[in-house]
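These are the residues of each chain, in order.
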Amino acid sequence: MQALMGLRSELMEDRRVLRNVGGNLNDVARVANSDGVVDASAGRVLELVSRAVERIDATVVAVDEQVGVERAVVRSRARSRAQRDRGSGPGESGGVG
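This structure is a prediction, so every number in the text was calculated from the model and none was measured.

As for helix α2 (residues 41–87)
Given a rise of 1.5 Å per residue, 47 residues ought to cover 69 Å, and the 69 Å separating the end C-alpha atoms of α2 matches this to within 8%. All buried positions along α2 are accounted for by Ala42, Val45, Leu48, Ala52, Thr59 and Gln66. Where α2 is buried, its residues contact α1 (2–35).

This is the structure we're talking about:
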């Protein structure tokens, strides 16, 4: 759970960065729409978008891996419980019967 919370924090930070990049992109679009010229900063904005997407992709992969780990733990616990439950039927628990 702690690992998932850390990954959630990373995604929240990535969302913040993307909001800032979106503001930059709006500025570039505003200039392009007003005079028909794409500002030189458009390349920088595209670079920021690319880096943010790469970070998000890596974080999503890490989330997927951690979810897989957690699923395996849950399944293992469920199997252990089922085995205990089958092993504690009448006459098998060592009690009077």
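Some thoughts on the environment of valine 49
Here valine 49 shows up in helix α2. When its relative accessible area of 27% is taken as the criterion, valine 49 is described as partly exposed. Between the alpha carbons of valine 49 and valine 21 there is a distance of 6.8 Å; along the sequence they are 28 residues apart.

About the criteria used
- Residues numbered from 1 in each chain as written.
- Predicted model: local features only at pLDDT ≥ 70, side-chain atom pairs only at ≥ 80, totals over all residues.
- Heavy atoms only, no water.
- Helix = DSSP H or I, 4+ residues; strand = E, 2+ residues; numbered from the N terminus.
- Expected span 1.5 Å × (residues − 1).
- Buried < 20%, exposed > 50% of the residue type's maximum accessible area, 1.4 Å probe, protein only.
- Contact = heavy atoms within 4.5 Å.

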